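# Observations on the model geometry
Below, each chain spelled out in residue letters.
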Amino acid sequence: MKKVNLFSIGLLILVLLVFAGCSNEGETAGGSEEESNTLVLAQAADIPSIDPQNSLSTTGDRVHRNMFSRLFMWDNELALQEDLVDTYEQIDDETWEFTLKKATFHDGETVTAEDVKFSLERVMTDETLKEYPYFKQLKEVNVKDEQTVQIITEGPMPTLLNLLAKSGSDILPKAYFEEVGIEGFQEKPIGSGPYQFAEWIRDDRVTLVPFEDYYGDKPKWEKVEVRAIPESSTRVGELLTGGVDIATDIPPNEWERVESESGVDLINGETTRVSLLMVRTTEGYVTSDPKVREAIDLAIDQQAIVDSVLQGTGVPVRTRVPEGVFGTNPDLTNTRVYDVERAKELLAEAGHPDGIDITFTSSRGRYPLDSEVAQLIVSMLSEAGINAELKLLESSAFLDEYNSKSNEELIMIGLADGLLDASYSLVHYTEERAAGQTDYKNGEVEGLFNAAGQNLDEEERTEQYQLIQEIVAEERPHIFLYQNAVNYGVSENITFTPRLDEAIRFDDLTKK
Amino acid sequence: MQGNAEAKTVGTIGQAVRKDKATGGFKRWCHLLWQSKTGTVGFIIVLSVVLVAIFADLLVPHDPVENNLSDMLAPPFWMDGGSAAYLLGTDNLGRDILSRIIVGTRVSLLVGIFSVVLAGIIGLLVGLAAGYYGKWVDTILMRIVDSFLAIPSILFILVVLAVFEPSIMTLIVVIGLTNWVSYARVVRSEVLSVKERDFVRASYSIGTKDTTIIRKHIVPNIISSFIVISALSVATTIILEASLSFLGLGIQPPDVSWGAMLTDGRNYLATNWWIATFPGIAITITVLGIIFLGDWLRDVLDPRNYFSKKGGA
Amino acid sequence: MKKYLVKRLLQIIPVLFIISFVVFVLVYMAGDPVALMLPEDASESDREAMRAALGLTDPFYIQYFRFVGDLVQGNFGTSFRYNQAALPLVLERLPATFELAAASMVVATLMAVPLGIYSARKQNSLVDLFITGGSVLGKAMPNFWLGILLILLFAVNIQVFPVSGRGTIVHMILPAITLGTGIAAEMTRLIRSNMLEILNQDYIRTARSKGVSSNILVYKHAFRNSLIPVVTIMGLQVSHLVSGALITESVFSWPGIGLLLVQAVNGRDMAVVQAAVFVIALLVIVVNLITDLIYRLLDPRINYS
C-alpha cells in the first residue's frame, strides 16, 4: 500500500506543479483583453542586448529606435531628417553645432546637451561596446548650453549626420544611467522614444508600452510585443494563425504558403546586404591571375541564382553599393556578366586548358539559403571546368575562418551597409583592409577612397566612389552575386512599407 | 575450455546457441528468429538497409549531389507533375530524393556503427580496468563516468561540435567519446560479479596472467549484454545525428545523411512535404528494425527472459 | 543510510570539478566570441581592442584560474551576449524548463500507464503488437520532426493550440506532447515488461488458478508492483528530458534553459554555456540521487554498501 501512495503523491505533486506554473504565467501573459490595439512583431532572433550602444543588429535596432531617440533619423523615403535636433549648422570643416528640441525621457527628465555629450562619449570611448568601432572619427563633444551641443570630428567627416542617425548614437539619460549603473539600466532602460520599456523575457519577447509625453506624434499602439522565434516554420505558423501581425525573414519556401493564405500578405523588401565572393588575389593562388577571376565571374549566372533558389527576390549586382545607398553606381546594379564559353577560353588563355581546382568556403544558415546558393555556384563553376571544393561551415565556425582569414581561394559572405554610405563598403578595397583577405592593392583606388572620405562636396564624392566601383568590378577582388532581399509576412489588417535599412518604426504601421 | 561456471551464467539456451554456432547451427538461429514476429521483421529491415548501404553506388538512379534547376521541387511520381525519373521527387535544388536517401543510408549507418564500435571499445577497456583492478583505479574512472553521465550527451556533443568542424569523422569520434559510459558501467558490474566466482579466484591464485583471466573468463561473460546495448545504440545514434543536424551541427553538405535531409526539408513540410517525409520514414523504419532486432537478441541471449516469456505464454 | 548519503554527496565534488575542467577546456577551444559580436565588416584592430577589453587575450591558465576562483565564489562570470552575470540568467530560465518537463512527464505517464498495462494483459495479441510497435515508433521519431508535425497539424491546420511561446496551459500542450512522447515510449515498454514478469510469478498464477478475477489481480497486485521501476525511470529520464528540451524549446520558442544553451553555444557565450552545463549537471546528479533514495525506500532489499 505504501508504495502506491508514494507514487500517487509524486504524481499529484507533478500535476500541481504544472498547474501552479500555468496559473502564474496566465496572469503575466494574458494579452487577450487588449488584443485590439496590440502590435506583435516576430523576428528570427532575440535582440542581442537592451543596451542600444551594445547591440549592433537589425533585430535590436527595431526595438531600440522605438525606445530611444537619436539626433537624426532616416525617414521612410530614406532622407535624413532631424529627430532630437531642432536646428544645426556646420561651423567649419570639423565643427558642427546642434540645438535640441524640447524632449523628455521616460522618467520625466528633460533631454539636455549633457545627455548628448554623455551618450556619444560613452560610445566613443568604451571599446567593449559593439558600436564603438563606428564612432572613432568623433573627436570631441562639447556642451555650449543646456540645449546646444558641439561636435568636433577628426578631419572633415561627410558622413557625420549619417552616423548620428545610426544605431549606437541613441541618447541615454545621463543622470539616471549614472545613478543605477549599467546593471540597473539593463533592468529598466530609459530613453526618450515613443515607446517605453515594460519587460524583456530573454529569447522570448520584449514588451513596450506607449510613452504619453513623447515630444513627437502621439504613439499609436497600446502595447507592442517583439517576439523572438528562430525556427522559420514556427514563425510562419504564428503569422498564419494570427499569433503575430508581422513576421520578418520569411524564407522563399514559405512564400507560397503565406501568399495563398487569406488574411496575410507577403511583402518583399530590399536590403543593403550584398552577397559576394571574396577572392584571393595573393601571389601563389591560382586566383591571383585576373583572367581566372574573370572566368569565375563569367561562369556564374547570377540571374539564374536569383530566379531559381531565391525565387525572383534579390537583384544581381556587380558592386557592393546597392541602389539607395549614397555613392552607388547605377551601371553596376541589376546586371551581370555571364558567358561560360568565354570563361573556358579565359582559363585556357591563363594556362589552364584542363580547368582548375579551388576551395570555396560558405556559411550554412547564416544568410537566407546560403548553403543552397553555394551548392548551386559549385555546379555552375564546374560547367566551366572550375572544380570548386565546397566547405560549408555553420555560422560561428564560418566567422572563425573568415576572421582568421584562413580561407582559401573563395569565401562567400553577405555584407550590409550600416551607414547607407559607400565609404562604409568601399574601405574593403584599401590596401590595409584587404591585407590577408583579398590582398587587393590598387594605388588609384586608394587615392580615390582617401580623397572621398574627406570630401564635403557631395557630387564629387559620388563620382569618386563610382569610379572605385568600376575599377573593382573589372579587377574582381570581390565577385558580386546579388543584393539580398528580405521578406515580411504581414497581416492584412496592417499597412507596412519595408525600408532599405530594414528598420521598423512602430508608428509607421497603421491598422486598416 | 569454457567450464561449468560459464554454463551457469549463460544458461542452457545460450549454451545450445553457442554449441550450434560452433557446429554451424544456422538452421537453429533461423528457427529462433522465425519464432519471433518482430525479430523477423527487424532482421529483414536491418539486412535490407545494410545491403542498400553496401551497394548504394549501384542503386542510385541519379547523382545525389547534382543540382538540376529545371527539375526543382518535383513531386513523387504518383502526384501531378511527378515523373518516373524521380520516383520520390526532388528537393529545392532539383536533386533526386531517392538517390539521396540511398546514399544517406551509408552515412547514417557509418556514423551509427562506427561510433558505437568506438564507444564499445573505450567502454570495454574502462569497465574492465575499473572492475578488475578496483581500488583507486575504480574510484577515479567511476568519477569520470559519473561526470559524463551528469552531462546529457547531446549537450556535451553540442559544445564539442562548436569547437571542431562537424564531419563524418568528427561525428563518429565525438559520439563515440560521449557514449562509452553506459558500456563502461555494464562491463564493470559484470566484471565485479564474475571476479568473485570461484574459478576466477582460482585462476588468480595459481598466478594466471591478468590479461589471460580477462580474455578467457571475463570477456565471454559480458559479450551478450554488450551486443544488445550496441544494437540499441546504433538506433539512438541515428536519431542523435538527426537532432544534431537540426541544431546545425550534423553532417554537412555535400555529404548526405538522413538527418541532414530531414533538417533541410523541414521548412518545406507545408508546401513540398516529400522532401522531409521520405528521409523521416527511412529513419523511422531503420530504427524500428534495429530495435526489434535488438529486443529479439536480448531475449535470445538472456535465458531468464526466454523462460519468463515462455512461461507467460 | 546516512553514511551512504554522505558518501554520495561527497562524490559530487570531484564530479563537478571534472565537469568544470572539461567544459572550460571545450569552451576555451571554441574560440573567439568577439568574431560573433562584431559585424563581418569590423577590422582586425577593432576586434583586437574588444578582445583585450574583455580579458580574452590572457593565456589559458590565467583564464582557467580566474574561472575556478570565481566559481568557488559562486560566480560564473559575465555573459558577453547579455552583459550581465551568467548564473542568474541561467537560473531565471529554470522555471520554464521545469514547467515543460513536469508537463511532459504527466503526458508520458498518462499515455504509458494504460497502454503498458493493456498490452501486457493482451500479450502477443494484435493490440499488443500495435502498442509495442507504436512505442518503438515513438522512440524512432526525432523530437524536432514530431514537434514541427504537431505544429503543422494542430496549430496551423486546425488551429486548436497556439503555435509557440510560453503562456497559458494551452501553450504547454504541444511542447509537452513533443517532449513526452519519447519518454512515454520508454515507459510503456518498461511497464509492459514489468507487468509481464509479475503476472508470471507464482503467486499470481496461483491466485488465478484459484479463480480470482483477473481484473482484480491486475489492479490490486500486479499494477502496484510494476510501478516501482517507473519511479526509477523518471530519474533516469532526466538527461533525456534535458536533451529533448534543447530541441523542443528551439522548435516552440520556449524560453527555457535548453533554448538559452543552444543560443549561447551558437554565440560562443562562454560564461552562459559553463553556467548552464553546470546547473544541468548538478540537477541531473541531484535528481538521480533522489530517485535512488526513493527506490531504496520502496524496495528495502537493496543494501546501502
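Residues numbered from 1 in each chain as written. Chains lettered and ligands numbered in written order. Predicted model: local features only at pLDDT ≥ 70, side-chain atom pairs only at ≥ 80, totals over all residues. Heavy atoms only, no water.

### Thoughts on the overall build of chain B
Applicable threshold: Think of it this way: any DSSP run of H or I at least four residues long counts as a helix, any run of E at least two long counts as a strand, and we number them from the N terminus. Only protein chains enter the accessibility calculation, which uses a 1.4 Å probe. A residue is then buried if its area is under 20% of the maximum for its type, exposed if over 50%, and partly exposed in between.
For chain B, the count of helices and strands is 13 helices and 0 strands. Along its sequence from the N terminus, chain B presents helices and strands in the succession α-α-α-α-α-α-α-α-α-α-α-α-α. For chain B, the proportion of its 313 residues judged to be buried stands at 56%.

### Section: the interface of chain A and chain B
We apply this condition: Contacts between residues were defined by any pair of non-hydrogen atoms, one from each residue, lying within 4.5 Å. Here, a salt bridge means any Lys or Arg side-chain nitrogen found within 4 Å of an Asp or Glu carboxyl oxygen. Within 3.5 Å is the distance limit for a polar contact, defined as a pair of N or O atoms, with the added protein rule that one can donate a hydrogen and the other accept it, and that residues adjacent in sequence qualify only through two side-chain atoms. Each residue receives one of three labels: charged for Asp, Glu, Lys and Arg, nonpolar for Ala, Val, Leu, Ile, Met, Phe, Trp, Tyr, Cys and Pro, and polar for the others, Gly being one of them.
Counting residues at the interface gives 21 residues for chain A, matched by 20 residues for chain B. Between R266(B) and E231(A) there is a salt bridge, with the nearest N and O atoms lying 2.4 Å from each other. Our count for the chain A to chain B interface comes out at 7 residue pairs in polar contact (both at pLDDT 80 or more). If you list the elements that add at least two residues to the side of chain A that touches chain B, you get α6 (232-240), α7 (255-260), α11 (370-383) and β15 (386-394) of chain A. No other element matches β15(A), which puts 5 residues into the side of chain A that touches chain B. Its residues assigned to classes, the side of chain A that touches chain B shows 6 nonpolar, 6 polar and 9 charged.

### Looking at the pattern of salt bridges
Residue and element names in this part refer to chain A. A full pass over the atoms with the stated rule returns 36 salt bridges over all chains. Ionic pairing is found between R65 and D61, a salt bridge with its closest N-O pair at 2.9 Å. Of this pair, R65 and D61 both sit in helix α2 (residues 58-67), 4 residues apart, which is roughly one turn of that helix. Owing to a relative accessible area of 13%, R65 belongs among the buried residues under this scheme. Residue D61 is classed as buried on the basis of its relative accessible area, which comes to 10%. Residues participating in the shared-partner salt-bridge network are D61, R65, R70 and D170.

### Regarding the pairing of strand β6 (residues 138-145) of chain A
Residue and element names in this part refer to chain A. Condition: By this definition, two strands are paired if DSSP reports at least two bridges between them.
Two strands pair when backbone bridges link them, and β6 and strand β7 (residues 148-153) are joined in this way by 6 bridges, in the antiparallel orientation. If you follow D145 over to β7, its bridge partner there is T148. Hairpin connection between β6 and β7: a loop of 2 residues separates the two successive antiparallel strands.

### Remarks on the side chain of E249(C)
Residues and elements named next belong to chain C. Checked against the element boundaries, E249 lands in helix α13 (residues 238-252). Of note is the side chain of E249, whose polar atom sits 2.7 Å from the backbone nitrogen of G258. With residues up to four places along the chain from it excluded, the contact list for E249 reads T97, L100, W254, G256, I257, G258 and L259.

### Points about the nonpolar core
Here is the rule: In these notes, a set of buried Ala, Val, Leu, Ile, Met, Phe, Trp, Tyr and Cys residues joined through side-chain atoms within 4.5 Å is what counts as a nonpolar core. Where each domain starts and ends comes from a domain assignment, either automatic or drawn from a database.
If you look at the biggest cluster of nonpolar residues, it comprises 296 residues, and the most contacted ones within it are L71(A), F98(A), F360(A), I377(A) and F506(A). Among the elements that make up this core, the one with the highest residue count is helix α12 (residues 274-301) of chain B (16 residues). Counting only domains with at least three residues in this core, you end up with domain 1 (2-72) and domain 2 (94-298) of chain C. Those residues in contact with L71(A) that lie beyond four places of it in its chain are E82(A), D83(A), L84(A), V85(A), L100(A), V116(A), I151(A), L164(A) and I171(A). Among the nonpolar cores identified, the runner-up in size contains 22 residues, and A101(C), A112(C), A120(C) and L179(C) belong to it.

### Thoughts on the sheet that holds β6(A)
Residues and elements named next belong to chain A. What counts is decided by this rule: Every axis in this analysis is a line fitted to C-alpha atoms, fitted for helices over the stretch in contact. Angles between the N-to-C directions lie between 0 and 180 degrees.
Taken in spatial order, the 4 strands make up an open sheet running β4-β5-β7-β6, and their pairing is antiparallel. If you trace the sheet from one side to the other, it starts and ends with β4 (85-92) and β6, each paired once. This sheet shows a mean twist of 20 degrees between the axes of neighbouring strands, independent of strand direction. Looking at chain direction, strand β5 (residues 95-100) and β7 are connected through 5 bridges and run antiparallel. Residue pairing in the sheet places T99 in a bridge with T148 of β7.

### A short note on the packing of aromatic side chains
Residues and elements named next belong to chain A. Threshold: Centres within 6.5 Å are what make two rings of Phe, Tyr or Trp a pair, Trp counting through its six-membered ring; a difference in plane orientation under 30 degrees is then read as stacked, over 60 as edge-to-face, and the rest as tilted. A ring is scored as having a charge over it whenever the NZ atom of a lysine or the CZ atom of an arginine sits within 6 Å of its centre and within 35 degrees of its normal.
Overall, the coordinates contain 21 aromatic pairs over all chains when judged by the stated rule. Summarising the aromatic geometry, the rings of Y214 and Y215 are spaced 4.7 Å apart at their centres and angled 45 degrees between planes, so their arrangement reads as tilted. The residue whose ring lies beneath K166 is Y134, and the NZ or CZ to ring-centre distance is 4.2 Å. A cation sits over an aromatic face here: R202 above W200, 4.4 Å from the ring centre.

### A look at the environment of I267(A)
All names here are of chain A. Its location among the elements puts I267 in strand β12 (residues 264-279). Judged by its relative accessible area of 19%, I267 is buried. The residues contacting I267, other than those within four sequence positions of it, are V486, N487, Y488, V490, F496 and P498.

### Description of a negative patch on the surface
To keep things clear, this is the line we draw: Nonpolar side chains (Val, Leu, Ile, Met, Phe, Trp, Tyr) within 5 Å and like charges within 9 Å form the patches, drawn only from residues with over 30% relative accessible area and no salt bridge. A 1.4 Å probe and the Shrake-Rupley method give the accessible areas. Residues count as covered only by the protein chains that appear here. When charges are counted, neither His nor the chain ends are considered; positive counts come from Lys and Arg and negative counts from Asp and Glu. Taken as the charge location is NZ of Lys, CZ of Arg, CG of Asp or CD of Glu.
Together, D457(A), E458(A), E459(A), E460(A) and E463(A) line one region of the surface with negative charge. As for its placement among the helices and strands, E460(A) is situated in helix α16 (residues 458-475).

### Notes on the packing of helix α3 (residues 37-54) of chain B against α12(B)
All names here are of chain B. Convention followed: When an angle is under 35 degrees it counts as roughly parallel; over 145 it counts as roughly antiparallel; between 65 and 115 it counts as roughly perpendicular; any other value is oblique. Helix crossings fall into two classes, left-handed where the near helix is turned counterclockwise from the far one by less than a right angle and right-handed where it is turned clockwise.
Contact geometry of α3 with α12 gives a least axis separation of 7 Å together with a crossing angle of 130 degrees. The orientation of α3 with respect to α12, classified from their angle, is oblique. With respect to the hand of their crossing, α3 and α12 are arranged in left-handed fashion. For the pair formed by α3 and α12, the contact residues are T38, G39, V41, G42, F43, I45, V46 and V49 on the first element and I285, T286, G289, I290, F292, L293 and W296 on the second. For the contact of α3 with α12, a count of residues per class yields 10 nonpolar, 5 polar and no charged.

### A word on a nonpolar patch on the surface
Residues and elements named next belong to chain B. Taken together, the side chains of F43, I44, L47, V50, L51, I54, F55, L58 and L59 present a nonpolar region at the surface, about 840 Å² in accessible area. Only α3 and α4 (56-59) provide two or more residues apiece to the nonpolar patch. Locating L47 in the fold gives a position in helix α3.

### A word on α12(B)
Each turn of an α-helix holds 3.6 residues, which means side chains three or four residues apart point in the same direction. This is how it is decided: By this rule the span expected of a helix is its residue count minus one, scaled by 1.5 Å.
The end-to-end C-alpha distance of α12(B) is 40 Å, a good match for the 40 Å that 28 residues give at a rise of 1.5 Å each. The buried fraction of α12(B) amounts to 25 of the 28 residues, a majority that puts the element mostly inside the structure.

### Some details on unusual backbone geometry
Residues and elements named next belong to chain A. For D203, which is not glycine, the phi torsion reads 60 degrees and is therefore positive. Structurally, the position occupied by D203 is in the loop between β8 (195-201) and β9 (205-210). Taking relative accessible area as the criterion, D203 reaches 2% and is therefore assigned buried. Even without a glycine there, the phi angle at E502 is positive, about 65 degrees. Mapped onto the elements of the fold, E502 is located in the loop between β18 (494-495) and β19 (510-511). With relative accessibility at 13%, the residue E502 sits in the buried group.

### Points about the confidence of the model for chain B
Residues and elements named next belong to chain B. What counts is decided by this rule: pLDDT gives the predictor's per-residue confidence on a scale running from 0 to 100.
Confidence in the prediction of chain B, expressed as mean pLDDT, is 79, and 88% of residues score 70 or more. Note on residues 1-23: pLDDT is under 50 here. Beyond four places in sequence and across chains, it has 26 contacts. Contacts from residues 304-313, a stretch scored under 50 in pLDDT, to residues over four places away or in other chains number 16 contacts.

### As for the domain arrangement of chain C
Many structure descriptions define interface size as the accessible area lost when the parts assemble. Residue and element names in this part refer to chain C. What counts here: In this description, buried area is defined as the sum, over both parts, of the accessible area (probe of 1.4 Å) that is lost when the two are combined.
By domain assignment, chain C separates into domain 1 (2-72) and domain 2 (94-298). Between domain 1 and domain 2, the contact holds 19 residues from the first and 15 residues from the second. Of all residues in domain 1, the largest losses of buried area upon contact with domain 2 belong to Y4, L16 and V27, amounting jointly to 28% of the total for that side. Where domain 1 touches domain 2, the interface holds 0 salt bridges. Seen at the junction of domain 1 and domain 2, the total is 0 residue pairs in polar contact (both at pLDDT 80 or more). Counting only elements with at least two residues in the side of domain 1 that touches domain 2, the list comes to α1 (2-29) and α4 (60-72).

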